[in-house]
Structures are given as C-alpha cells and as structure tokens.
Amino acid sequence: MTAGWLEGPAAADAALLAVLLSLLSGPVPRAVARWSWPAASPRQGLLLWFALSWAWVLSLVGLVLAVALAPLGRPLIPAVVAVIADPGALSRPAVALAGGVAAAAVLAVVPVVAVAGWLRDARRGSRHAARLAVVGAVDPLLDLLVVPGGAPVAVTLPGWRRCRVVVTRACLDDLDPAERDAVLAHERAHALGRHDLVSAWFTAWRRCAPGAGPRAAERAVGVLLEVAADRAAARVAGPAATASALYRRCAPAGGGWRPQPATLARLRTLARAGAVAPPLVRATMPSLAAVVLVVPGLLLGRA
Amino acid sequence: MPASRAVRTGICWVVRLVAQLRTGRAPTVCHPAAVPAREPLERAVLDVLWQSPGPLTAGEVARLLAGRPRAATTVLTALDRLRRKGLVVRSDGGRPHRWSAVGTREQAAAGAILDVLRDSADRGMVLSRFVAEADDADVETLQRALRERAGEDSRPG
C-alpha cells in the first residue's frame with residue numbers, strides 16, 4: 001500500500017509541510033525569540049508569535065490531510081476541494097475519512113488544551129481570591145484587594161470573569177509613591193489585558209508540540225507580556241520610576257546581582273521608553289505573520 | 001441631509017463600539033458590586049472569631065456579630081464555608097460545635113499569600129507579579145513572619 005501511495009504533487013506537499021513543521025518547531029521560534037524588535041512593539045510581536053503557532057498547527061493538519069488524500073494525485077487544497085465537492089470519486093474513502101478525522105483532532109488539540117489549562121488556572125485563582133477577599137478587603141478607590149502582610153507582594157490572580165489584583169499592605173506602605181503607582185499599574189495591565197489567556201495559548205502549544213521552538217516561544221511571550229505591562233506602568237508613573245521599582249525589587253541588598261535575561265530585556269526596553277518604534281518595525285512583524293500563514297497556503301493551492 | 005447624518009451616526013456608533021471593546025473590557029478589576037454578597041458576612045464572622053479569646057459556638061458568634069442580626073443557621077453556613085477555605089477549625093467535641101479561627105488575621109493573610117506563591121511555583125498556576133525573581137525573598141519574609149508570630153503565641157504568659 002505504501003509503495004506508490006505518496007508520489008507526485010502529494011509527495012511534494014508532504015515534504016513542504018514536513019520542512020515547514022520542523023522549521024516552526026525549532027529554528028524559527030528560537031530566532032524570533034532572540035530578536036529585539038518584538039519588545040519595541042509588543043502587540044505586533046504577540047501577533048507574530050500567534051501566527052507562528054497557528055502556522056505550526058495548520059502545517060500538521062495539512063501534513064495529515066496530504067498523506068490521507070495522496071491517491072487523488074493533486075496538490076493539497078485542490079484535493080480537499082475535490083473531496084468535498086464529490087466524495088464518491090475517492091478510491092479509498094475509508095482512509096480519507098480517517099485522515100479527515102485525524103486532521104480535525106490535530107486542529108482541535110491545542111485550543112482544547114489551552115482552554116482546559118485556562119479553566120484549571122481560573123478555578124485555582126478564584127479559590128485563592130475567595131480566601132484572600134475574606135482575609136483582606138477590596139479597596140474601591142485603588143480597585144484592588146488589599147491584605148495584611150509584611151512582604152511587598154503584588155500579584156494578579158487568574159479568574160473566569162476577571163483577574164483580581166491582590167497586594168499586601170507592605171506594598172502600599174513601604175514603596176515610594178511613584179514606584180507603587182508603577183507596580184499597581186503593571187498588575188492592572190495584566191488583569192485588564194487578560195494576559196492569562198495569552199499565556200494559556202502558548203503554554204498549550206509548548207505542551208502539545210515537541211521541540212525547543214515552542215518552549216522558546218512560551219518564554220519569549222512571557223517577556224513580551226511583561227514588557228507590555230511595563231509600558232502601561234511607564235505611561236502612568238514614568239519609565240524611570242518603573243525601572244527603579246524593577247531594579248529595587250530584584251537586586252539583592254548585599255550586592256552581587258545576577259539579573260535574569262527577562263529582567264534585562266525589560267530594563268533595556270524601559271530605557272528606550274518614549275521612543276516610538278519606527279514604522280518599519282511596526283510594519284515588519286504583521287507582514288511576517290501574514291507571510292508565514294499565506295505563502296504556504298498559496299503553494300498548497302497551486303492548480 | 002438625513003442620509004449623511006445617518007452615515008455619521010453609524011460611524012460614531014462603530015467607533016464607540018470599537019473603543020469600548022479595546023478599553024472597556026472589565027473596566028474595573030475588583031468592582032465592589034461584583035463581590036458576592038457572602039463575603040461581608042464571612043468577614044464579620046472572622047472578625048468576631050479573631051477578637052474572641054476562645055472558641056465560640058455558632059449561636060455565640062451570631063450574638064456577637066456587628067451589623068444587622070443574623071440567624072444562627074446563616075452564621076453556621078458561613079462558618080462552614082470558612083472551614084472549607086481553611087480559615088477556621090471546628091472542635092471535635094459533641095454538639096454544639098465550637099469554632100475558632102486559624103491564627104490571627106496577619107497569619108491567615110501570610111498563609112494565604114504563601115499558598116498563592118507556592119501554587120505558582122510548584123503547581124504551575126499562571127500568576128503575574130511585578131518581578132518573578134523576588135518570589136523566593138517574599139516567601140522567606142512571609143515564612144519568617146509566621147514563625148516569629150508562632151513563637152510569640154507559644155510563649156507562656
């Protein structure tokens with residue numbers, strides 16, 4: 001059965017998709033993760049990452065379909081159209097049906113894992129928030145939950161309808177007013193932007209996809225979300241206050257600070273804050289996102 | 001002309017909708033009206049337990065509650081919810097059960113925050129904080145405060 005199954009246009013498509021899949025599982029995400037442009041424009045950077053992850057999913061779906069529809073001897077997209085238009089013309093309909101079911105399963109696996117992970121985290125976060133809400137009190141002016149505590153902790157808990165920002169009393173009392181405003185604005189940006197949904201998607205991709213690429217993607221997206229929240233904080237309190245709050249929180253008092261790459265990236269971005277990313281930067285990333293999604297589609301749709 | 005005015009109104013409506021979608025998602029994070037009605041009662045019950053020197057029954061808690069008077073059964077339901085949250089414990093003796101708070105308000109708060117940080121570190125709950133590197137220092141500070149407080153409580157006199 002295998003001899004002569006995969007030949008001609010189907011073999012070419014399968015080879016193209018396999019190459020694309022291996023590029024998207026390793027080299028491409030790792031290269032984009034080392035790139036500095038996404039940090040200059042986090043929203044476009046996240047769009048690019050989203051496109052890369054969907055390109056990976058669609059490549060895998062396409063590979064499954066290309067193998068299942070190989071006997072038709074046509075490129076992938078015309079073959080799919082032909083099967084939908086005239087299912088009776090298939091020589092082996094069972095294989096095509098199995099391939100279709102497998103392709104649908106592959107398409108659904110990352111979204112399902114993402115939603116399941118988000119729901120689990122939302123449940124845990126709601127439980128924590130319920131306990132903290134009784135121990136502390138909601139401050140309507142600051143729009144957050146304040147609990148007593150000696151350590152300056154400010155966190156955003158995941159939840160279903162809303163993410164709750166919880167801070168300790170020490171965070172409000174012990175920090176400079178400007179730094180405190182920066183920290184609170186940073187957490188608020190995470191909560192209002194629903195960054196928990198974004199991380200849920202990339203965590204799901206990392207869980208479902210082997211390779212160093214999705215792991216690098218998850219880390220890079222985490223940094224981008226922090227940079228985006230830092231930008232919101234800098235708009236409220238100024239980049240200097242945000243940077244100094246960041247530095248004071250993670251630099252140990254006795255010296256000998258070895259900063260993590262994520263923190264360095266955030267400080268570097270804050271140092272450049274106020275400089276609007278040039279139009280070339282802002283246009284490149286969406287263009288790359290479009291290229292990564294559209295060009296394979298065009299190649300697979302050749303008549 | 002009416003047509004152009006309709007077009008302008010339509011455009012304004014679309015612009016407002018887009019602006020609302022972009023910025024109006026969950027406009028407040030901890031809107032007081034969104035707090036479930038149970039929380040004030042649970043907080044009042046906890047306040048009573050924190051201020052009392054020894055364990056209390058549900059009826060005694062109901063009598064000591066500030067604000068409008070509540071039935072003992074309502075207080076009992078709140079105490080049960082607090083027990084499931086790990087904030088109060090029930091005595092094992094016969095009925096009527098006596099309830100006491102787990103630690104002081106500060107201890108309960110420190111324990112709750114520690115659980116949040118540990119959940120993120122050990123079980124991978126996605127948690128946003130300002131600086132993730134500072135978690136270890138915060139956990140250390142909170143644990144030290146809990147130990148000191150426990151040491152004070154256990155000292156005689």
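Calculation criteria
Residues numbered from 1 in each chain as written. Chains lettered and ligands numbered in written order. Predicted model: local features only at pLDDT ≥ 70, side-chain atom pairs only at ≥ 80, totals over all residues. Helix = DSSP H or I, 4+ residues; strand = E, 2+ residues; numbered from the N terminus. Buried ≥ 20, exposed ≤ 12 C-beta atoms within 10 Å, placed from the backbone. Contact = placed C-beta atoms within 7 Å. Pairing = 2+ DSSP bridges. Axes fitted to C-alpha atoms, helices over the stretch in contact; angles between N-to-C directions. Domains from an automatic or database assignment. Expected span 1.5 Å × (residues − 1). Arc of directions from axis to C-beta. Parallel < 35°, antiparallel > 145°, perpendicular 65-115°, else oblique. Nonpolar A, V, L, I, M, F, W, Y, C, P; charged D, E, K, R; others polar. pLDDT = per-residue confidence, 0-100.

J.: I'd like a description of the overall build of chain B, backed by residues and values.
T.: Assigned secondary structure in chain B consists of 6 helices and 4 strands. Its helices and strands in sequence order give chain B the pattern α-α-β-α-α-β-β-α-β-α, from N to C terminus. Considering chain B as a whole, with its 157 residues, one finds that 24% of them fall into the buried category. Taking as baseline every contact in chain B between residues at least 6 positions apart, the subset at least 24 positions apart corresponds to 49%.

J.: Could you give an account of the sheet that holds strand 3 (residues 154-157) of chain A, with specific residues and numbers?
T.: The sheet built from 5 strands is open, its strands ordered 1(A)-2(A)-4(A)-3(A)-4(B) with mixed pairing. Every other strand in the sheet has two partners, leaving strand 1 (137-139) of chain A together with strand 4 (128-129) of chain B as the edge strands with one partner each. Pairing between strand 3 of chain A and strand 4 (residues 164-168) of chain A: 4 bridges, direction antiparallel. Across the sheet, the residue bridging to Val-155 of chain A is Val-166 of chain A, located in strand 4 of chain A.

J.: Provide a residue-level description of the environment of Pro-96 of chain B, including the pertinent values.
T.: All names here are of chain B. Locating Pro-96 in the fold gives a position in the loop between strand 2 (88-90) and strand 3 (98-101). Counting along the chain gives 39 residues from Pro-96 to Thr-57, while the straight-line C-alpha distance between them is 6.5 Å. Once you skip the residues sitting within four places of it in the chain, Pro-96 turns out to touch Thr-57, Ala-58 and Gly-59.

J.: Please set out the environment of Trp-49 of chain A residue by residue, giving values where relevant.
T.: Residue and element names in this part refer to chain A. Mapped onto the elements of the fold, Trp-49 is located in helix 4 (residues 42-68). For the pair Trp-49 and Pro-38, spaced 11 residues apart in the sequence, the C-alpha separation amounts to 9.4 Å. In this structure, Trp-49 is in contact with Ala-217, Ala-220 and Val-221, ignoring residues within four places of it in sequence.

J.: Give a detailed account of the pairing of strand 3 of chain A, specifying residues and quantitative values.
T.: A regular strand places its side chains on the two faces of the sheet in alternate fashion. Of the two faces of strand 3 of chain A, the one lined by Ala-154 and Thr-156 of chain A and the one lined by Val-155 and Leu-157 of chain A are each fully buried. In this sheet, strand 4 of chain B lies alongside strand 3 of chain A in antiparallel orientation, the contact comprising 2 bridges. Within strand 4 of chain B, the residue paired with Thr-156 of chain A across the bridge is Ser-128 of chain B.

J.: Describe the sheet that holds strand 2 of chain B, listing the residues and the values that go with them.
T.: All names here are of chain B. Across the sheet, 3 strands lie side by side as 1-3-2; this open sheet has antiparallel pairing. Both outer strands of the open sheet, strand 1 (56-57) and strand 2, are each paired with one neighbouring strand and no more. Across 2 bridges, strand 1 lies against strand 3 in antiparallel orientation. Opposite Thr-57, over in strand 3, you have Arg-98 as the bridge partner. Of the strands in this sheet, strand 1, strand 2 and strand 3 are in contact with helix 2 (residues 38-51), which crosses strand 3 at around 90°. Strands in contact with helix 4 (residues 72-84) are strand 2 and strand 3; relative to strand 2, the strand with the most contacts, it is inclined by about 110°.

J.: Any details on the domain arrangement of chain B? Residues and values, ideally.
T.: Domain boundaries in chain B define domain 1 (32-101) and domain 2 (105-154). Measuring from the centre of the C-alpha atoms in domain 1 of chain B to the corresponding centre in domain 2 of chain B gives 25 Å.

J.: How would you sum up the interface of chain B and chain A? Please name residues and give values.
T.: Listed as interface residues are 37 residues of chain B and, on the opposing side, 48 residues of chain A. Those elements that place two or more of their residues in the side of chain B that touches chain A are helix 2, helix 5 (105-122), strand 4 and helix 6 (135-154) of chain B. Take the side of chain B that touches chain A: its biggest share by element is 10 residues, from helix 5 of chain B.

J.: Before we move on, can you summarise helix 4 of chain B with the specific residues and values?
T.: All names here are of chain B. In this model helix 4 runs 18 Å from its N-terminal to its C-terminal C-alpha over 13 residues, within 8% of the 18 Å that 1.5 Å per residue would give. Looking at helix 4, one finds that the buried residues are Val-75, Ala-78, Leu-79 and Leu-82. On an axial view of helix 4, the arc spanned by its buried residues comes to 100°, and they lie on one face. Residues Thr-73 and Arg-84 are exposed on helix 4 and point more than 90 degrees away from its buried face.

J.: Mind laying out the packing of helix 8 (residues 177-192) of chain A against helix 11 (residues 239-250) of chain A, listing which residues take part and the relevant values?
T.: Residues and elements named next belong to chain A. With their axes 8 Å apart at the nearest point, helix 8 and helix 11 run at an angle of 85° to one another. Between helix 8 and helix 11, the angle falls in the class roughly perpendicular. The residues of helix 11 that touch helix 8, namely those facing Ala-178, Glu-179, Ala-182 and Val-183, are Ala-241, Thr-242, Ser-244 and Ala-245. Among the residues forming the contact of helix 8 with helix 11, the class breakdown is 5 nonpolar, 2 polar and 1 charged.

J.: Pulling in residues and values, what's your account of the confidence of the model for chain B?
T.: Keep in mind that low pLDDT regions are not for reading the predicted coordinates in detail. Residues and elements named next belong to chain B. Per-chain confidence: chain B averages 82 in pLDDT, with 77% of residues scoring 70 or above. At the level of individual helices and strands, chain B shows its lowest average pLDDT in helix 1 (residues 2-23), which scores 67, and its highest in strand 3, which scores 94. Overall fold confidence for the complex sits at a pTM of 0.87, while the interface term, ipTM, reaches 0.86.

J.: Quick one: what's the story with the confidence of the model for chain A, residue by residue and with numbers?
T.: Averaged over every residue, the pLDDT of chain A is 90; residues scoring 70 or more account for 98%. Across chain A, the element-wise mean pLDDT spans from 87 in helix 5 (residues 76-85) of chain A up to 96 in helix 9 (residues 195-208) of chain A.

J.: A description of unusual backbone geometry should follow, citing residues and the corresponding values.
T.: Residues Arg-95 of chain B and Pro-96 of chain B are joined by a peptide bond in cis, for which omega reads -5°. The backbone of Asp-143 of chain A shows a phi angle near 65°, a positive value even though the residue is not glycine. Looking at where Asp-143 of chain A falls in the secondary structure, it is placed in the loop between strand 1 and strand 2 (144-147). If you check the backbone angles, Arg-194 of chain A has positive phi at about 50° while not being a glycine. The exposure class assigned to Arg-194 of chain A is partly exposed, which follows from the 17 C-beta atoms found within 10 Å.

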